[in-house]
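The lines below spell out each chain.
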Amino acid sequence: FLSPLVADAEMLGTPDPELAATMGFSGFGKKARTFDLEAMFEQTRRTAVERSRKVLEAREREKEDQTEKEFRIPCSDSSASASSATGARSMLTERETVCSESEDNSNEELSGPSMQSQSSAKGPTEDTDDDEDDEFIGPPLPPGFKDSDDDNDNDDTEEEDNNPVKKIPDSHEITLQHGTKTVSALGLDPSGARLITGGYDYDVKFWDFAGMDASLQAFRSLQPCECHQIKSLQYSSTGDVILVVSGNSQAKVLDRDGFPVMECIKGDQYIVDMTNTKGHTAMLNSGCWHPKIKEEFLTCSNDGTVRTWDVNNEKKHKSVFKPRSVQGKRVIPTTCTYSRDGKLIAAGCQDGSIQIWDRNMSVHTKFHCRQAHATGTDTSCLTFSYDGTILASRGGDDTLKIWDIRQFKKPLNSADGLPSFFPMTDCCFSPDDKILVTGTSVKKGGGSGKLFFFYRETFQKLYEIEVTDASVVRCLWHPKLNQIMVGTGNGLAKVYYDPVKSQRGAKLCVVKTKRKERQAETLTQDYIITPHALPMFREPRQRSTRKQLEKDRLDPMKSHKPEPPVAGAGRGGRVGTHGVTLSSYIVKNIALDKTDDSNPREAILRHAKEAEENPYWVAPAYAK
């Protein structure tokens, strides 16, 4: 009696659910499917070949569009537009024919219906699988078409080129608290991951942008040169070692974590000719690394020499350069630097001159300018532009000048009215070499220290930033980060950045929330109080340090109490204070102890009656 029902179910193609539920067959009317694995693999392989072919065609199409855009000259005439439209149509028809031919070829290779018909048969549920293919389907964009985002980007870049102020990343700032005294040295490693600051408080602090959170704390602080002010800090070209120049005569090299690598030797200060000493004999002024050779660095000192050193040889300098005044006398170099290619060495001297040597020839200067700055002032900074042709000098005569070293007689441009009270006030070029930056000094309570930006070509003042109510000593514009670091006279290191224009650096640490203090760090020690324990197991209760100190004071061994003087006859090998003679006994008893142990109030009131009857001191004075 089931045969008609089965026949009906087979005709319909689907089992009757009520019948299946009644009979207890969940899969009633379904047939077992057989799979041909080889056919499936072959189908998959063909599908992959087809997809890769389509991707390659789309890429070729994009390349053709780009070449057409490059060679296409836009025409404003209607005829030109009409011709371009017809050309586009013809190109489209050509492309369509090519596409149709390729599709015909692919259809010849494939057995069964085409991919498009299969995808249309699949229905809307499987469209998401073919989104990747849909990116490449359809006619190419017309040659004159541009995305609106590209237009906006081009407009922004054009505006930035026209207005260099927009390139200055100063929309945001963070403040790193180095200490309370002047931040006299700043250094950033080439990758921009770590900042080091040094100051008049002898400290060098390490700041790791990736490891810092919003509390902005240094991860290491040390005093590499004991009680000497830090004059200069700089990472080498590879960023693995740091040059530390301080107020003593020996420069130091530290590794990335602050551990000493080498210390320059001190010269013999009793030798007159500075060439014959192995190192500096007086206070250092400045120093810097060679831009190409990672083991070589340069220092200048009050002994009137500029010396180059090798990290691997701390026993002796490599070469000595001796700046000379017009009269041929010794003159003190206050700052020194390498050119960008490392072939020249420049020094600014106390007589106002700038002297430049060839690195390989230490006797005669290659370029020099005798009256670059006012005589007797400390030229605090020399820096070469990134293209290597321009030299900028920051003078102690409140000026900033730029020079072409090929025409070194007079400056290309000069700006004055920039007060400088520090022997390390510096200047630097922007990463695109178009802007020159320097800071100004102020006296206490005399306003705010500022950061000035000058256009290199015309020396027009573009912009200024009020940094803080103290002098701006150091400034550094890092080319990779596009961030400006500033060291100030009140112990701050500020970092200026722009979330859009700047990379990494300060952007990494401002987004991190402050870490919670661990409970173990805040509690000194956990004391377990066990009041009912036996004396043997009872722990000593916590006592305050004051009580412990008082107890120690009573202990003669701990407090090292001196022995009291011997009273009466001497004993224990010590002579008595007064001896045992008659004269000493009389002397001892003359000054007897006459302390009055009576009530002090009664002792005073004893004279009250006499004072009332016969006033002698106070009353007559007030009466008169």
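Predicted model only: the values in this text are computed from it and were never measured.

J.: Help me out: how do you make sense of the environment of Ile-435 in this one?
T.: Note on placement: Ile-435 falls in strand 23 (residues 435–439). Sequence separation between Ile-435 and Tyr-455 is 20 residues; the distance between their C-alpha atoms is 4.8 Å.

J.: In this structure, what is going on with the pattern of salt bridges? I would like to understand it.
T.: Close approach of charged atoms allows side chains with opposite charge to pair. What the rule picks out here adds up to 24 salt bridges. Here Asp-257 ties to Arg-194 by a salt bridge, and the two come within 3.2 Å at their closest N and O atoms. Of the two residues, Asp-257 sits in the loop between strand 8 (252–255) and strand 9 (260–263) while Arg-194 sits in strand 3 (residues 194–199), which places them 63 residues apart along the sequence. By relative accessible area, Asp-257 is classed as partly exposed at 31%. Ionic pairing is found between Glu-464 and Lys-450, a salt bridge with its closest N-O pair at 3.1 Å. Of the two residues, Glu-464 is situated in strand 25 (residues 461–468) and Lys-450 in strand 24 (residues 449–455); the sequence distance between them amounts to 14 residues. By relative accessible area, which is 29% here, Glu-464 ends up partly exposed. The structure contains a network of salt bridges with shared partners spanning Glu-50, Arg-53, Glu-57 and Arg-61.

J.: Looking at this structure, I do not really get the packing of aromatic side chains. What am I missing?
T.: When we look at a pair of aromatic rings, we describe it by the centre distance and by the angle of the planes. Evaluated as defined, the whole model comprises 10 aromatic pairs. Ring centres of Phe-454 and Phe-459 lie 5.4 Å apart, and the angle between their planes is 15°; on these two criteria the pair is classed as stacked. Classification of Phe-459 by relative accessible area gives buried; the value is 9%. One aromatic cluster in this structure is built from Phe-452, Phe-454 and Phe-459. Across the ring face of Tyr-386, the terminal group of Arg-340 is positioned such that the distance to the ring centre comes to 4.2 Å.

J.: So what exactly am I meant to see when it comes to the sheet that holds strand 20 (residues 400–404) here?
T.: Hydrogen bonds between backbone atoms are what pair the strands of a sheet, whose relative direction is either parallel or antiparallel. Across the sheet, which stays open at both edges, the four strands sit in the order 18-19-20-21 with antiparallel pairing between neighbours. Of all the strands in the sheet, just strand 18 (381–384) and strand 21 (413–415) have a single pairing partner and so form its edges. Going across the sheet, the axis of each strand differs from the next one's by a mean of 15°, ignoring polarity.

J.: What is the right way to read the sheet that holds strand 14 (residues 333–338) from this model?
T.: Across the sheet, four strands lie side by side as 14-15-16-17; this open sheet has antiparallel pairing. What marks the edges here is a single partner per strand, and that holds for strand 14 and strand 17 (367–369). Pairs of neighbouring strands in the sheet enclose a mean axial angle of 15°, with direction left out of account. Of the pairings in the sheet, the one linking strand 14 to strand 15 (residues 344–349) comprises five bridges and is antiparallel in character. Bridge pairing in strand 15 places Tyr-338 opposite Ile-345.

J.: Whenever I open this one, the pairing of strand 24 confuses me. Can you help?
T.: It is a general feature of regular strands that their side chains alternate between the two faces of the sheet. Of all seven residues in strand 24, five are buried, a share of seventy percent or more. As paired strands, strand 23 and strand 24 are joined by five bridges and run antiparallel to one another. Following the sheet pairing, Leu-436 is matched in strand 24 by Phe-454. In this structure, the hairpin formed by strand 24 and strand 25 is closed by a connection of five residues, where Phe-459 is found at a positive phi of approximately 60°.

J.: Sorry, what's going on with the UniProt feature "repeat: WD" (unreviewed entry) in the chain here?
T.: Those residues carrying the UniProt feature "repeat: WD" (unreviewed entry) are residues 176–208, 277–319, 338–358 and 382–406 in this numbering. Along residues 338–358 one finds 0% helix and 57% strand; the C-alpha atoms at either end are 10 Å apart. Within residues 382–406, the helical portion is 0% and the strand portion 52%, while the C-alpha atoms at the span's ends are 16 Å from each other.

J.: Looking at this structure, how should I read the pairing of strand 7 (residues 241–246)?
T.: Burial analysis of strand 7 places six of its six residues in the buried class, the great majority of the element. On strand 7, burial covers both faces: Val-241, Leu-243 and Val-245 on one face and Ile-242, Val-244 and Ser-246 on the other are all buried. As paired elements, strand 6 (residues 230–235) and strand 7 share five bridges and run antiparallel to each other. Looking at the pairing, Leu-233 lines up with Val-244 of strand 7.

Cut-off values and rules
Residues numbered from 1 in each chain as written. Predicted model: local features only at pLDDT ≥ 70, side-chain atom pairs only at ≥ 80, totals over all residues. Heavy atoms only, no water. Helix = DSSP H or I, 4+ residues; strand = E, 2+ residues; numbered from the N terminus. Salt bridge = Lys/Arg side-chain N within 4 Å of Asp/Glu carboxyl O. Buried < 20%, exposed > 50% of the residue type's maximum accessible area, 1.4 Å probe, protein only. Phe/Tyr/Trp six-rings, centres within 6.5 Å; stacked < 30°, edge-to-face > 60°. Lys NZ or Arg CZ within 6 Å of the ring centre and 35° of its normal. Pairing = 2+ DSSP bridges. Axes fitted to C-alpha atoms, helices over the stretch in contact; angles between N-to-C directions. UniProt positions renumbered as here; feature names shortened; annotations may be inferred.

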